[in-house]
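# What the coordinates show
If you want the building blocks of each chain, they are given just below.
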Amino acid sequence: MIVVQCWDDGVTNDAPLTDILRKHKAKACFNLNPALHSQERKYSWSRNGYEIWKLGLKELKSVYEGFDIAGHSMTHPHPNQIEPEKWKSEVADCKKYLEDFFGFEVRGFAYPFGEYNDVTKEIVRECGHSYARTTKNLNPCYPPADTMQFHSNCHFLSDKFWTEFESVKKTDGVFYFWGHSYEIETDAMWKDFDDKIKRISEDKSVIWKVPADLF
Ligand SMILES: [Zn+2]
């Protein structure tokens, strides 16, 4: 089976998260909003009493070294609530910025807030992306009927994570999970995450890929 994962928003927890992924030789894609980063780390918002900070531009290349990068729009607006022209520049500028910054082609996209409609979806396609991830769940998730509506199997904290994983494994299909590293809030949750990635990596039937490799 093939396992793919992606993580949104470019927050500081991506640094310890990528350390865990490297330790277990797991591949992953990170979906970024370039206009929301400054040179240094920047406070973004609070959740459950924890402060969420964006990574600094100056550390992005080292944190994401060896991983794939996809677009998540320049500023994380609600796609369906802004003018289509504005949405187009959010998507196109993001792709160009990330390609210039990282020096490789940005093939994927993830909708901010998981929000899209026929208009906003077609703009993402026209801007040259090979797939776009939603926040809906579907099993089987691959191949998607529309590559601009690539639903994942589940969120990484889903109660059904291993049930879904085992069901995809029976069919030798593609298992796709996603999340935000800021959702990992405690030492116990970091340990659970480390154990989860270790178990996947140690499964002899698993081949790690990044979503863009599927298209
Ligand atoms: Zn997001």
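Everything quoted here is computed from the prediction, not taken from an experiment.

## Thoughts on the overall build of the protein
A tally of regular secondary structure across the protein gives 6 helices and 11 strands. Taken over the C-alpha trace, the protein has a radius of gyration of 16 Å; the compact-globule value for 215 residues is 17 Å, and the two agree within 12%. Its C-alpha atoms put the protein at 45 × 40 × 35 Å along the principal axes. Looking at the protein residue by residue over its 215 residues, the buried ones come to 53%. Across the protein, the mean location of the 28 positive side-chain charges is 4 Å away from that of the 34 negative side-chain charges.

## Observations regarding helix α5 (residues 161–171)
An α-helix turns once per 3.6 residues; consequently, residues spaced three or four apart project the same way. Within the sequence span of α5, burial applies to F161, E164, F165 and V168. Down the axis of α5, the smallest arc covering the buried residues is 100°, so these residues share one side. Away from its buried face, by an angle of more than 90 degrees, α5 presents the exposed residues T163 and K170. Where α5 is buried, its residues meet β1 (2–8), β9 (154–155), β10 (174–179) and α6 (187–202). Residue D172 follows α5 closely and has a positive phi angle near 55°.

## Brief notes about the nonpolar core
Core analysis: the largest hydrophobic core is formed by 38 residues, its most contacted members being V3, L21, F30, Y64, F175, F177 and F193. Residues in contact with F175, not counting those within four places in the same chain, are M1, I2, V3, V4, N153, C154, F161, E164, F165 and V168. In terms of nonpolar packing, the next biggest core, distinct from the first, is built from 13 residues, I2, C29, F150 and V174 among them.

## A look at the coordination of the zinc ion
In an ideal tetrahedron of four donors about a metal, each angle is 109.5 degrees. In an ideal octahedron of six donors, the angles are 90 or 180 degrees. Each protein donor to the zinc ion is listed here as D9 (OD), H72 (NE2) and H76 (NE2); together their distances run 2.1 to 2.2 Å. We note that the donor set of the zinc ion lies within a single chain, spaced as D-x62-H-x3-H. One exposure class covers both H72 and H76, and it is buried.

## Some points on the pairing of strand β7 (residues 131–137)
Working note: regular strand, side chains alternate between the two faces of the sheet. Across 3 bridges, strand β6 (residues 108–110) lies against β7 in parallel orientation. In the strand pairing of β7, A110 is matched with R133. For the handedness criterion, the β-α-β arrangement of β6, helix α4 (residues 118–126) and β7 is classed as right-handed. As paired strands, β7 and strand β8 (residues 150–152) are joined by 2 bridges and run parallel to one another.

## Side note on the packing of α5 against α6
Axis separation between α5 and α6 bottoms out at 13 Å; the angle between their running directions is 10°. Relative to α6, the element α5 is oriented roughly parallel. Where α5 approaches α6, its residues F161, W162, F165 and E166 are matched on the opposing element by K196, R199 and I200. Within the contact of α5 with α6, the residues separate by chemical class into 4 nonpolar, no polar and 3 charged.

## What to know about the pattern of salt bridges
Enumeration over the complete set of coordinates arrives at 18 salt bridges. K23 is paired through a salt bridge with D194; the nearest N and O atoms lie 2.6 Å apart. Separated by 171 residues along the polypeptide, K23 in helix α1 (residues 14–23) and D194 in helix α6 bring together distant segments of the chain. Overall, the relative accessible area of 52% leaves K23 in the exposed class. The partner of E166 in a salt bridge is R199, and the shortest N-O contact between them spans 3.4 Å. With E166 in helix α5 and R199 in helix α6, this residue pair connects regions lying 33 residues apart in the sequence. A relative accessible area of 28% places E166 in the partly exposed class.

What counts, and where the lines are drawn
Residues numbered from 1 in each chain as written. Predicted model: local features only at pLDDT ≥ 70, side-chain atom pairs only at ≥ 80, totals over all residues. Heavy atoms only, no water. Helix = DSSP H or I, 4+ residues; strand = E, 2+ residues; numbered from the N terminus. Rg over C-alpha atoms; globule rule 2.2 N^0.38 Å. Buried < 20%, exposed > 50% of the residue type's maximum accessible area, 1.4 Å probe, protein only. Lys, Arg positive; Asp, Glu negative; His and termini not counted. Charge placed at Lys NZ, Arg CZ, Asp CG, Glu CD. Arc of directions from axis to C-beta. Contact = heavy atoms within 4.5 Å. Core = buried A, V, L, I, M, F, W, Y, C linked by side-chain atoms within 4.5 Å. Donors = N, O, S within 2.8 Å, 3.2 Å for Na, K, Ca; no water. Pairing = 2+ DSSP bridges. Right-handed = clockwise from strand over helix to strand, strands pointing away. Axes fitted to C-alpha atoms, helices over the stretch in contact; angles between N-to-C directions. Parallel < 35°, antiparallel > 145°, perpendicular 65-115°, else oblique. Nonpolar A, V, L, I, M, F, W, Y, C, P; charged D, E, K, R; others polar. Salt bridge = Lys/Arg side-chain N within 4 Å of Asp/Glu carboxyl O.

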